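Given next are the chains, with one letter for each unit.
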Amino acid sequence: MLLSTNSIVNSMASTTVKRNNTICAILVILLVCVAAGSLAVGKYPLSLEKILAGDEMQRKVFYTLRMSRTAVAVFGGAVLGICGFVYQTVFRNPLASPDIIGVSSGASLGAAVGILCFGSTVAITVSAFAGAVLAVCLALLLSAADRTGRKSTIVLAGIAVHALAQTALMCMKTTADPERELASIEYWIMGSLAGVTSSKIGSNLLICILATVALIFLHRQTILLSADEGEARMLGVSVRKNRFIVLLLATLAVSAVVSLTGLISFIGLLAPHIARLITKNNSISTMLFSGLTGGILLCGADILARSTAQTELPVSIFTSLIGVPLLIFLTLKGRNVS
């Protein structure tokens, strides 16, 4: 009887692994197809023949602009998806995401401070990170004031931090130089990949990759943080230390993306939900699928931003157009994705 039960369990585990491998392969193929489309789409027509023949302008556009933009869309979307999974898991709230809990708006405010006070790319990145960390700390402090332990508290705190950051941004816009600084601040608020070039992405992508790889290695600790604090301690988890490390890594990765792209809506919220609809659980597979889904969503939205109108539109318009129907669908389905 015991042998029979073990064989059933092993068979189910093997089926789940095969299913997840198949889904992973499908998502990777979709991501590669969308990335290939991103390389081909743009106002300047590219020819593979001319690129291989060494045409200077063709190679410059392809390597300096298209490849850089596609890399940021793929890796940036993956980072936002994985970090959204981390925030939702750690805070035990399905509405927690980089934009809803104030991380993205805090990073945008920090980037605006960098634009007004310093101007260099490095300073803007550092300021964006500082703003994101400050936003997380403020949201945590506000939620800690509520002793009831309600899951909605962190979301309400994040909304308050987001509103505060937006107010500060509006004040800064009134003092900015309309011809130079104001345009740059508006870029951060709207969110766009138009300014991405190969010279800007090196350090940011390195930060994203290192922080994301670290989060993947810490997936067990992250998932254990979704349990009650007492249960997590019984399992040998140092709750406060692990929570601090995981949130710091996620915030660092998000700020590195936002410092390149500006405020991107919905990716960090929706990608983990879509992944959980696929896996039906909260595991390492869900975390990886969140990243793949985020890359597909952001890269697809960027293609639409470049090809829909005569002039390039902010990418957040399309992430919102994709995100809102999906969010309504998830709400109507009434699934428990926490």
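Because the structure is predicted, anything quoted here is derived from the model rather than measured.

## Some remarks on the overall build of the protein
Tallying secondary structure elements over the protein gives 14 helices and 0 strands in all. The helix and strand sequence of the protein, counted from the amino end, reads α-α-α-α-α-α-α-α-α-α-α-α-α-α. The buried share of the protein, reckoned over its 338 residues, is 46%. In the protein, the proportion of contacts linking residues at least 24 apart, taken out of those at least 6 apart, comes to 76%. Counting every atom, the protein has about 16500 Å² of accessible surface; 69% of that belongs to carbon and sulfur.

## Let's talk about the packing of helix H8 (residues 198-217) against helix H11 (residues 239-261)
Running from N to C, H8 and H11 cross one another at 155°; their axes reach a closest spacing of 9 Å. Judged by the angle between their axes, H8 and H11 are roughly antiparallel. As H8 runs across H11, the sense of the crossing is left-handed. From H8, Lys200, Ile201, Asn204, Ile207, Cys208, Ala211, Thr212, Ala214 and Leu215 reach across to H11, where they touch Val246, Leu249, Ala250, Leu252, Ala253, Ala256, Val257, Ser259 and Leu260.

## Looking at unusual backbone geometry
A positive phi angle, near 75°, is found at Phe266, a position not held by glycine. Locating Phe266 in the fold gives a position in the loop between H11 and helix H12 (267-279).

## Structural notes on the pattern of salt bridges
In the structure shown here, the tally under the stated rule is 3 salt bridges. Here Glu312 ties to Arg69 by a salt bridge, and the two come within 2.2 Å at their closest N and O atoms. Here Arg69 lies in helix H3 (residues 56-90) and Glu312 lies in the loop between helix H13 (284-307) and helix H14 (315-333), a separation of 243 residues in the sequence. The exposure class of Glu312 is partly exposed, given its relative accessible area of 32%.

## Focus on H12
In this model, H12 (13 residues) spans 18 Å end to end at C-alpha, consistent with the 18 Å of a helix rising 1.5 Å per residue. Most of H12 is tucked away: 13 of the 13 residues are buried.

## Looking at the packing of aromatic side chains
Throughout the structure, instances matching the rule amount to 2 aromatic pairs. On the basis of an interplanar angle of 85° and a centroid distance of 5.1 Å, the ring pair of Phe62 and Tyr63 is categorised as edge-to-face. Judged by centre distance (6.2 Å) and plane angle (5°), the ring pair of Tyr87 and Phe91 falls under stacked. Residue class for Tyr87 comes out buried when judged on its relative accessible area of 0%.

## Things to note about the side chain of Thr279
Within the fold, Thr279 resides in helix H12. At 2.8 Å, the side chain of Thr279 and the side chain of Thr286 are in polar contact. What Thr279 contacts, discounting residues up to four positions off in sequence, is Arg19, Asn20, Ser285, Thr286 and Phe289.

## Here's the deal with the nonpolar core
Grouped together as the largest cluster of nonpolar side chains are 77 residues, with contacts concentrated most on Cys83, Val86, Tyr87 and Leu215. Among the elements that take part in this core, H3 stands out by supplying 12 residues, more than any other. Dropping the residues within four chain positions of it, Cys83 is found in contact with Leu215, Ala250, Ala253 and Val254. Core analysis: the second largest hydrophobic core is formed by 5 residues, Phe266, Leu270, Leu277 and Leu330 among them.

## Here we look at a nonpolar patch on the surface
A cluster of nonpolar side chains, namely Phe75, Ile209, Val213 and Phe217, defines an oily patch on the protein surface of about 400 Å² accessible area. With 3 residues, H8 is the largest single contributor of residues to the nonpolar patch. Secondary-structure assignment places Val213 in helix H8. Residue Val213 is classed as partly exposed on the basis of its relative accessible area, which comes to 38%.

## Here's the deal with the environment of Thr197
Secondary-structure assignment places Thr197 in the loop between helix H7 (181-190) and H8. Given the relative accessible area of 18%, Thr197 is considered buried. For the pair Thr197 and Arg66, spaced 131 residues apart in sequence, the C-alpha separation works out to 8.3 Å. Contact partners of Thr197, with chain neighbours within four places excluded, come to Thr64, Leu65 and Ser68.

## Describing the environment of Gln166
Tracing the sequence through the fold places Gln166 in helix H6 (residues 152-175). Judged by its relative accessible area of 21%, Gln166 is partly exposed. The sequence separation of Gln166 and Gly106 amounts to 60 residues, and the corresponding C-alpha distance is 8.6 Å. Residues within four places of Gln166 in sequence aside, it is in contact with Ser105 and Leu263.

## What about the environment of Ala78?
Looking at the secondary structure, you find Ala78 in helix H3. What Ala78 contacts, discounting residues up to four positions off in sequence, is Gly291, Gly294 and Gly295.

Conventions used here
- Each chain carries its own residue numbering, running from 1 in the direction its sequence is written.
- Two thresholds apply to this predicted model, a pLDDT of at least 70 for residue-level local features and 80 or more for giving and counting side-chain atom pairs, whereas whole-chain, interface and lining totals are computed over all residues.
- Where side-chain values are given, they derive from all heavy atoms of the structure, hydrogens and water being excluded.
- Secondary structure counts use DSSP, requiring at least four H or I residues in a row for a helix and at least two E residues in a row for a strand, with both numbered from the N terminus.
- Each residue is assigned to one of three classes by its accessible area relative to the maximum for its type, calculated with a 1.4 Å probe on protein chains only: buried under 20%, partly exposed between the two thresholds, exposed over 50%.
- The contact rule is simple, with two residues in contact once any of their heavy atoms fall within 4.5 Å.
- Calculation of accessible area relied on Shrake-Rupley with a 1.4 Å probe; when residues are assessed, cover is drawn exclusively from the protein chains displayed.
- Axis geometry follows a simple rule: fit a line to the C-alpha atoms, using only the stretch in contact for helices, then measure angles between N-to-C directions, giving values from 0 to 180 degrees.
- Put simply, angles under 35 degrees are roughly parallel, angles over 145 are roughly antiparallel, angles from 65 to 115 are roughly perpendicular, and the rest are oblique.
- Left-handed describes a crossing whose near helix is turned anticlockwise from the far helix through less than a right angle; right-handed describes the clockwise counterpart.
- Each reported salt bridge corresponds to a side-chain nitrogen of Lys or Arg within 4 Å of a carboxyl oxygen of Asp or Glu.
- Expected span of a helix: the number of residues minus one, times 1.5 Å.
- Two rings from Phe, Tyr or Trp (for Trp, the six-membered ring) form a pair when their centres are within 6.5 Å of each other. A pair whose planes differ by under 30 degrees is stacked, one over 60 is edge-to-face, and the rest are tilted.
- Nitrogen and oxygen atoms within 3.5 Å of one another constitute a polar contact, given that in protein one can donate a hydrogen and the other can accept it, and given that sequence-neighbouring residues count only through two side-chain atoms.
- To qualify as a nonpolar core, a set must consist of buried Ala, Val, Leu, Ile, Met, Phe, Trp, Tyr and Cys residues joined through side-chain atoms within 4.5 Å.
- To count toward a patch, a residue needs a relative accessible area above 30% and no salt bridge. Like charges then connect within 9 Å, nonpolar side chains (Val, Leu, Ile, Met, Phe, Trp, Tyr) within 5 Å.

Honestly, it's all geometry; don't read function into it.
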